[in-house]
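# Results of the structural survey
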Amino acid sequence: MSFLIPCPNCGSRDVNEFAYGGEIAVRPEARPNVRELGSYLYFRRNVAGVQREWWFHRLGCEAWFQAERDTRTNEVLLTERPRASRDEAPPGPEAPALPDTPAV
Amino acid sequence: MRLPPRPQERIDRSRELTFFFEGEPRHGFPGDTVGSALFASGRRVFSRSFKYHRPRGLLCCSGQCPNCLMQVDGVPNVRVCTMPLREGARVRGQNVLGSLDRDVMSVVDKIGGPFTPVGFYYRTMIRPRRAWPLYERFLRNVAGLGKIDRGAGRTRRFDTEHRRVEVLVIGGGRAGIEAARAAAARGEQVVLVDEGLGPGERAAGGSFEVIAPARALGIYEGGLVPVDAGQVLIRFRARRIVVATGAIEQPLVFPGNDLVGVMLPGAVRRLTDEWSLRPGSRAVVIGADERALSVVAELRSAGTEIARVVDLRAESPRRIAAEGKKGRLASVLVDGEGLDCDLLVMSGGRQPAYSLLAQAGARIEYDAGRGVFVPIELPASVEAVGAVAGELPSGATPAATYEGGGKARGKCFVCVCEDVTTKDVRRAIAEGFDSIELAKRYTTVTMGPCQGRLCQLPSVRLYARENGTDEAAIGRTTARPPWAPVSLGLLAGRGHEPARRTSIHERHVQLGARMMWTGAWRRVHSYGDPAGEVRAVHEAVGAIDVSTLGKILVSGPDAAAFLERLYPNRFGDLRPGRIRYSVLGTDAGRIMDDGTIARLDDDRFYVTTTSTGADVVSEWLEWWNAVWGMGVEVVNLTGALAAVNVAGPRARELLGRLTDLDVSNESFSYLDAKQAHVAGVPCLLLRIGFVGELGYELHCSSPYGEYLWSTLLERGADLGLRPFGLEAQRVLRLEKQHILVGQDTDSESNALEAGMPWVVKFDKDEFVGKWALEHVRERGLRERLVGFEMTGWTVPPEGGQIVVDGRPAGRVTSARWSGELRRAIGLAWVPAALAEEDAELAIRVDGRLEQARVRLRPFLDPDGERLRS
Ligand code: FES
Ligand SMILES: [Zn+2]
């Protein structure tokens, strides 16, 4: 992975500056049953093609934004600040790995 | 032996350089490479081959082949033919047992037979299984080239540089320079990289930057070109990439084609023109293109006698074979005619060096007319110029391969790197490896140091012949980075392990603290006496540097609603000036982090996280804020603030000495947050009790941290104050059964099973993780995190097994000796059925089972009287 991502705040930067937040999926509105919850939490469409996803400019402006990326070529077609709309709310990045040294 | 001065020579004969080969002094001139100086000193054998340990000499003299790999100043696998000579350089042969001239391992070449066929190790060394350790030792010895310098990590330093450039030209030959000049003339910013030496001289003009000697390692997505510039890896991002890598002279395949004295035309040219050396005294020249034949003039001018010239375009001999004595070329047979010689110049045409283009996505096709692969259809923003683009000065005929027959019985090498012969390739085909990609993996052709530069084309030719088809049908193997060999140190770069220190760090060092890592932080393990430190907290007062805690300010009109929606605990009704604890969960109901949240005023909350969780939590908060688009701002203040926790029965007395604030229990009670000056420093004071005693956490601006700490220690001395470290803190919190996220919980733990149902407010409309926790509640708890107390004196190991009916059924997550309780205590995950007061547990310790009892309430001060006092 070595492509460039145009951050909506900072402009085009190396992908290594960013953290990937996963593809954007729909968070259930009402309480899901176990199966629905499982598919919301663990199943992704994983398309070979253009996908909308979350990115975080970790070594830059520290903002989350959304991008449309072609997963076959890593071409980033568009980036924009998040649209805050309920039905587009994502399941979020995978829960971050727990620190392996105990923390206080 | 040098020739008289020649017009184009690069050497400066006015000065002499001394270097050492196998410990013996040798001489050369500035302008020499290690290789040319060795050649001048009479050396002809430069290496021993990988498998058969056959002697090998200079073949390409341009850094393409594996024949001159040596150990220079401790660095293995240096191509000495391109390595500029340095005064005092220490040079050694490699891959030999004994010396280059007498290599014991060369018996492998003689006995041939059993050890040589491809796939031999794969097939043989798997049986019998128990002999594997033996095989492994043997294989480790014979595999690989060169010896690693184990001290290199300390003596050599590598760095990475990131650069943007408009035009990057790879290759400094004529075409590359022209392209660079033209781009620079258009006003573009141009950088040219070239692997050869002498950059300055070739890039006269100065309108663009030259980096040399430097090698482009590959072309990646987004126009990324990593360039190996010795000690620096430059990661170029180019808007436009011009590839001018030229073409590579191809060897011919015939028996004895690897003998010392068999050279490619370029080697002859460089030896004579640049270093004024005579490559041999009597030569045979066999070539399929103009370029090979044009060295004849050079050889004559160097005083080499020409025995015969075979132009493969004009004649097609049926048999070519070279014969040697002791690995050195002695004669060449062309259709039965024997010619004595010590130099054979061979050329099978020139193959465009297309690898970088192929990596960039170009299509590569076989041009049957010229017998080479050429790039067609380049991707946008990549350009090819010169020979690599297929503009070869003169056409060559596709070269044939020649194999033994008659009395020529020598080995015909298709790949000199990996010692693969035509016989090996035929065997692979017979075994069914009929696709070139499969055969590559089986025979390892193109996988050696030359990366296919000299063996791709000959092997494709051989494949086509053996399969009775043409080269186009065979195709080629995928070109992958790195295109040039690169040392692992360069790729790894300098260690950028960040170490974070608190603003009080130096004081800890002065106090003789033993430090430890927690994430990137350096923290105090203890000041030498953890048990004494624990006692001080229980009996008097202690102070611990907790600046590493994550500190995040969440503010804005929606701040309360935001936290209410994010955390399982309730925050909407938290009054300003009050503090509440919560774990932070994911939508899967898992515990991610924990900490306290203090409400500073209506719109501002001060959120603390674990020491290693600060960044993760602030990203998480930012992310949900982006998702929900609420009126909230999240600021991570972790580095900006220092914090000290003062705890113990005399903590109030100490604090009272340093502040005007009313610190009485009535006006500053448990879980209150206040802002005041302490020792003149503006602080946020949080009355919380992670260690179980009356305690205050003082948060202040980092630059004041050290002063605050020193003042506390000074003014608390007569109260019995002792600084304490993480080890003491671990014992103290364990006595209270306070969990450590990451130690007592893992990526599967949820708040219900971790024994904290009270932080989960199911009656809230929504919070992240609510659905999952509801499902957990419905299905019932399977495991529980519980306290335990050992019946005996042993402290079980953390991670130790809980055994039920002889089977592992849980694990110890924390265990310590408590001096206060005079017992070994701990926390463990156990099956839910065992989560009952006094239930008996069996814990495996060193293979024995030790008994313990479950304790559901804190071991010490279960009702929190000390905390609230
Ligand atoms: S002779 Fe040095 S690399 Fe070929
Ligand atoms: Zn940015």
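Worth saying up front: this structure is predicted, and the values here are computed from it rather than measured. (Residues numbered from 1 in each chain as written. Chains lettered and ligands numbered in written order. Predicted model: local features only at pLDDT ≥ 70, side-chain atom pairs only at ≥ 80, totals over all residues. Heavy atoms only, no water.)

What follows is about the coordination of the zinc ion (ligand 2). Residue and element names in this part refer to chain A. Around the zinc ion (ligand 2), the donor atoms from the protein are Cys-7 (SG), Cys-10 (SG), His-57 (ND1) and Cys-61 (SG), and they sit 2.0 to 2.3 Å away. Between the donor residues of the zinc ion (ligand 2), the gaps in sequence give the motif C-x2-C-x46-H-x3-C. Accessibility expressed as a relative area gives 4% for Cys-7, which makes it buried. Assessed through its relative accessible area of 27%, Cys-10 is described here as partly exposed. (Donors = N, O, S within 2.8 Å, 3.2 Å for Na, K, Ca; no water. Buried < 20%, exposed > 50% of the residue type's maximum accessible area, 1.4 Å probe, protein only.)

So, about the interface of chain B and chain A. Between chain B and chain A, the residue contacts involve 52 residues of the former and 43 residues of the latter. The contact between chain B and chain A buries some 3700 Å² in all, and 57% of this surface belongs to carbon and sulfur atoms. The interface formed by chain B and chain A includes 7 salt bridges. Between Arg31(A) and Glu774(B) there is a salt bridge whose closest N-O contact spans 2.7 Å. Taken together, the elements giving at least two residues each to the side of chain B that touches chain A come down to strand S13 (232–243), strand S28 (514–518), strand S33 (591–601), helix H20 (614–628), helix H23 (726–735) and helix H24 (770–779) of chain B. (Contact = heavy atoms within 4.5 Å. Buried area = accessible area lost by both parts, 1.4 Å probe. Salt bridge = Lys/Arg side-chain N within 4 Å of Asp/Glu carboxyl O. Helix = DSSP H or I, 4+ residues; strand = E, 2+ residues; numbered from the N terminus.)

Residue and element names in this part refer to chain B. In the segment running from Ala-212 into Pro-213, the intervening peptide bond is cis, with an omega of -10°. Of the consecutive residues Pro-481 and Pro-482, the connecting peptide bond is found in the cis state with omega at -5°. With respect to the helices and strands, Pro-482 occurs in the loop between helix H15 (471–474) and helix H16 (488–492). The phi angle at Gln-737 is positive, at roughly 55°, despite the residue not being glycine. Relative to the elements of secondary structure, Gln-737 occurs in the loop between H23 and H24. Of note in this structure, Asp-861 is not a glycine but carries a positive phi near 50°. Here Asp-861 lies in the loop between strand S46 (848–855) and helix H25 (865–868).

Residue and element names in this part refer to chain B. Here Glu-22 lies in the loop between strand S1 (17–21) and strand S2 (24–28). Separated by 68 residues in sequence, Glu-22 and Arg-90 have C-alpha atoms that sit 7.5 Å apart. Dropping the residues within four chain positions of it, Glu-22 is found in contact with Val-91, Arg-92 and Gly-93. Looking at Glu-22, its side chain comes within polar contact range of the main-chain nitrogen of Gly-93, at 3.0 Å. (Polar contact = N/O pair within 3.5 Å; in protein donor to acceptor, adjacent residues only side chain to side chain.)

We now examine the packing of helix H18 (residues 530–539) of chain B against H23(B). Residue and element names in this part refer to chain B. Orientation of H18 relative to H23, taken along the N-to-C sense of each, is 50°, at an axis distance of 8 Å. Between H18 and H23, the angle falls in the class oblique. The two elements H18 and H23 meet at a crossing, and its hand is right-handed. In this structure, H18 contributes Pro-530, Glu-533, Val-534, Val-537 and His-538 to the contact, and H23 contributes Glu-727, Ala-728, Val-731, Leu-732 and Glu-735. (Axes fitted to C-alpha atoms, helices over the stretch in contact; angles between N-to-C directions. Parallel < 35°, antiparallel > 145°, perpendicular 65-115°, else oblique. Left-handed = near helix turned anticlockwise from the far one by under 90°.)

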